[in-house]
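Observations on the three-dimensional arrangement
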Amino acid sequence: MDGSPIDIVIFAPLALIFGVILFWFIQLLFIESQKYFLSQISHNHDALIKFSNFLGVLFQTMCHALGYTVTKSGISSFYVSVNYGKVSPKKVRRGLLGWTSNAFLFIGPFFIPGILILICLLFLINSDYFLISYTGYTFSENFISFGINLYNFSSGFLNFLFTIDLLHPFHLGFLILLIFMGMGIRPSFIGEKNQEKVDMIYDLKNIRYNILHKPVYILILILISYIFFYISILTEQNLYITIFTILGWLSIISIVSLIITHMILLLIKLTDNIKGVSKILPYLVIPVSYVFLRLIFFYYPIPYQNSISLLLTIFITLIALIILLKKNTNKFKTNIDMNSLFKLGKGRRDEPRRIIRK
Amino acid sequence: MNQDELLENEQIEKILSPHPLSFMGLQSLCIFLILWGILLGWLVNFSEFKDYFLNPWLTLSVWGIILMVVGVIASLLTIRWRIFFFYLGIFIGGIVILFWLGNSNEVSIFIPFYSVSVSILGFLIVELYRRSHKYIISNQRIVFKGGVITKQERTLRYDKISDINSKQGILGQIFGFGTIIPISVSSFGLGSDNSFAAGGVQMGEKKVKFLGLFGGGKELQTPRTRSYYELHGVFPYKDIKKIVENQVQGSVITQYQQEQVSFQKEQVDIQKQMRDLLKKQSKSNDNTSEMDEKI
């Protein structure tokens, strides 16, 4: 133990809490960005929006039900629809149990989809990436350990994603699951009418309310964390760091799935600018080019063929998208750009218009 | 619907067909067949488990067993044994074709291709079935037409509708379609769910041969009919529901209208009484005038 006693006793347990909160806020930013993207395409893709709303509502109701089950409140009714979900408890609990079930409702949707993906990931990637290292007792040492654990997991997870074999049924299934979860992590409603109770701001308000109006429970939670940390140190078990590391992994999984969902939403948004049937071409280019590349590499094998196929597929899709956008958009574009026309007109403002007319 | 089929003063409001995704129950049978065929093809040809499937009969057995198990589970859950027989037919068909081709060593390639081919055929049949449905909503009645080979037709006047049941699944909520079952006064459109539980008990191990069978039945009335006799998976669901409900409402006398009718009846009765009184009065006048004349 190299650190000062104050550092070990007071600050060290906070390192992991801060780490998890930091990742949680990054996740929140991505969720807000996804919400913006979805609202941008909502007028053209009603079914997609409803589907993503359904996933969000489903996860939220599942968390709500889980909260009532854990606190032994019981579930009297469970209802999920595309734009509304409701779970009613058999017994309305107050005090700590009621507070805990509320915490499940507001924080659960951010982590539950991640847990489902993590379980699937356990079967797909090397278990070495899941090993948790623990080396220190001070704030900085804990923070570094947390970072190392997240780095190990992230490198394994991203390595898997960059070498994913989309002709492998389980890998393809995992990618689809990742995209669906990415859409469902968002606890916000996109639609014509704003629904307050399925909105992130509503959740944040409730979290703030829970913190400010029930400070005793927060203190109890922090106290439990401290006691748990001391027990972990004294028994030389890394349980404390394990729990927070897993929470960090869940945030990383959520962030990655949100990034992938962003890419898909961007593709949808761009293809909306293409008119006519050629709109579906970019979506067809993805599987056709991937299968074609894999067939080529099957007969002429090269190292990293999965990654190269994936990257080339993304590149070909982008090229196809750019060509279609250039071809289909603004037919009145001039061959010479506007700056050159201004130069030709020696600064006269009406010169470009005159040249175009001519 | 031809012009000559229309009744007097009849106007067509909507002509509808089920939404392409409204027969997802049937389509999912084909989707499962494709997925399982491709998965088995991958397991046998490309996965790390391919060495276990060197015997073609083992591959065929695994394929058949999984099909049967899924068929039984799906049949039990939906109370429709046709699913099991559908998969059984596909399995037997596959074996027959394999024997006919006479090359059982190519099972690993045959199964995925056969599964995909049968599924495509299945999708086409479902699409044909879907397109055979036609619902005509007019201002006087709803006409349900359908049938691929045998043509079926049901006509339901709005004043004969006693109840409207409507349902919308998750896919329906996402894509905006749903099913509307108009239940007639004669309870056409109502089905029943039957459940039966049975269990056997053997008392003792060797000598006592007592075997008991316990059972119980339960029947529950539920709105259900064939897709030809309901507005199955119609789009846009909310608009169609509103049209049907408005038409039904329009053919039923409302409370206000009932009050008006009873008021009019009262007035007619009063007028009748007045007429009778006037008749009586005129008679009595006639009598007095006759009397006067006699006098």
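Residues numbered from 1 in each chain as written. Chains lettered and ligands numbered in written order. Predicted model: local features only at pLDDT ≥ 70, side-chain atom pairs only at ≥ 80, totals over all residues.

Here we take up the sheet that holds strand β6 (residues 178-184) of chain B. Residue and element names in this part refer to chain B. As summarised here, the arrangement of the three strands in space is β5-β6-β9, forming an open sheet in which the pairing is antiparallel. What marks the edges here is a single partner per strand, and that holds for β5 (161-167) and β9 (231-234). If you compare each strand with its neighbour and ignore which way they point, the axes differ by 20° on average. The sheet contact formed by β5 and β6 spans six bridges and is antiparallel. Among the inter-strand pairings, Asp163 is bridged to a residue of β6, identified as Ile183. (Pairing = 2+ DSSP bridges. Helix = DSSP H or I, 4+ residues; strand = E, 2+ residues; numbered from the N terminus. Axes fitted to C-alpha atoms, helices over the stretch in contact; angles between N-to-C directions.)

What follows is about the domain arrangement of chain B. Here the domain parsing of chain B yields domain 1 (3-18 + 133-250), domain 2 (24-130) and domain 3 (262-295). When grouped by side-chain class, the residues that make up the side of domain 1 of chain B that touches domain 2 of chain B number three nonpolar, one polar and no charged. (Domains from an automatic or database assignment. Nonpolar A, V, L, I, M, F, W, Y, C, P; charged D, E, K, R; others polar.)

A separate point is the domain arrangement of chain A. Residue and element names in this part refer to chain A. In terms of domains, chain A is made up of domain 1 (5-271) and domain 2 (278-358). Contact residues are listed per partner, giving nine residues for domain 1 and nine residues for domain 2. For the side of domain 1 that touches domain 2, the element with the most residues is helix α8 (residues 239-271), which contributes three residues. Class assignment for the residues of the side of domain 1 that touches domain 2 results in six nonpolar, two polar and one charged. (Contact = placed C-beta atoms within 7 Å.)

Looking now at helix α7 (residues 215-234) of chain A. For α7 of chain A, which comprises 20 residues, the first-to-last C-alpha distance of 28 Å matches the rise-based estimate of 28 Å (1.5 Å per residue) to within 8%. Positive phi shows up at Glu236 of chain A, right after α7 of chain A, with a value of about 55°. (Expected span 1.5 Å × (residues − 1).)

Attention now goes to the interface of chain B and chain A. In this complex, chain B contributes seven residues to the contact, which on the side of chain A involves seven residues. With four residues, the top contributor of residues to the side of chain B that touches chain A is helix α5 (residues 170-175) of chain B. Tallied by class, the residues present in the side of chain B that touches chain A amount to six nonpolar, one polar and no charged.

Residue and element names in this part refer to chain B. In the contact formed by helix α1 (residues 24-45) and helix α2 (residues 56-78), the axes pass within 11 Å of each other and the chain directions differ by 150°. Compared by their axis directions, α1 and α2 come out roughly antiparallel. As α1 runs across α2, the sense of the crossing is right-handed. Here Phe32, Trp36, Leu40 and Val44 of α1 lie close against α2, whose contacting residues are Thr59, Val62, Trp63, Ile66 and Val70. (Parallel < 35°, antiparallel > 145°, perpendicular 65-115°, else oblique. Left-handed = near helix turned anticlockwise from the far one by under 90°.)

Here Phe235 of chain B and Pro236 of chain B are connected by a cis peptide whose omega angle stands at -5°. Its location among the elements puts Pro236 of chain B in the loop between β9 and α6 (237-250). With phi around 60°, Lys72 of chain A is a residue other than glycine that occupies positive phi space. As for its position among the elements, Lys72 of chain A is in the loop between α2 (46-70) and β1 (75-80). Backbone geometry places Tyr304 of chain A, a non-glycine residue, at a positive phi of 55°.

Residues and elements named next belong to chain A. Counting buried positions over the six residues of β1 gives zero, only a small fraction of the element. Bridging between β1 and strand β2 (residues 85-89) involves five bridges; their strand directions are antiparallel. Residue pairing across strands places Phe78 opposite Val87, the latter belonging to β2. Linking β1 back to β2 in an antiparallel pair, the connection comprises four residues. (Buried ≥ 20, exposed ≤ 12 C-beta atoms within 10 Å, placed from the backbone.)

Next up on the list: the nonpolar core. Counting 41 residues, the largest nonpolar core has Cys63, Ile241, Phe244 and Ile252 of chain A as the members making the most contacts within it. Contributing elements (two or more residues each) for this core: α1 (5-41), α2, α3 (95-124), α4 (139-162), α5 (169-184) and α8 of chain A. When residues in this core are grouped by element, the largest group, 10 residues, is from α8 of chain A. Contacts of Phe244 of chain A, omitting those with residues within four sequence positions, involve Leu16, Gly19, Val20 and Phe146 of chain A. Counting 19 residues, the second-largest nonpolar core is a separate cluster that includes Phe175, Ile181, Tyr237 and Val244 of chain B. (Core = buried A, V, L, I, M, F, W, Y, C linked by C-beta atoms within 7 Å.)

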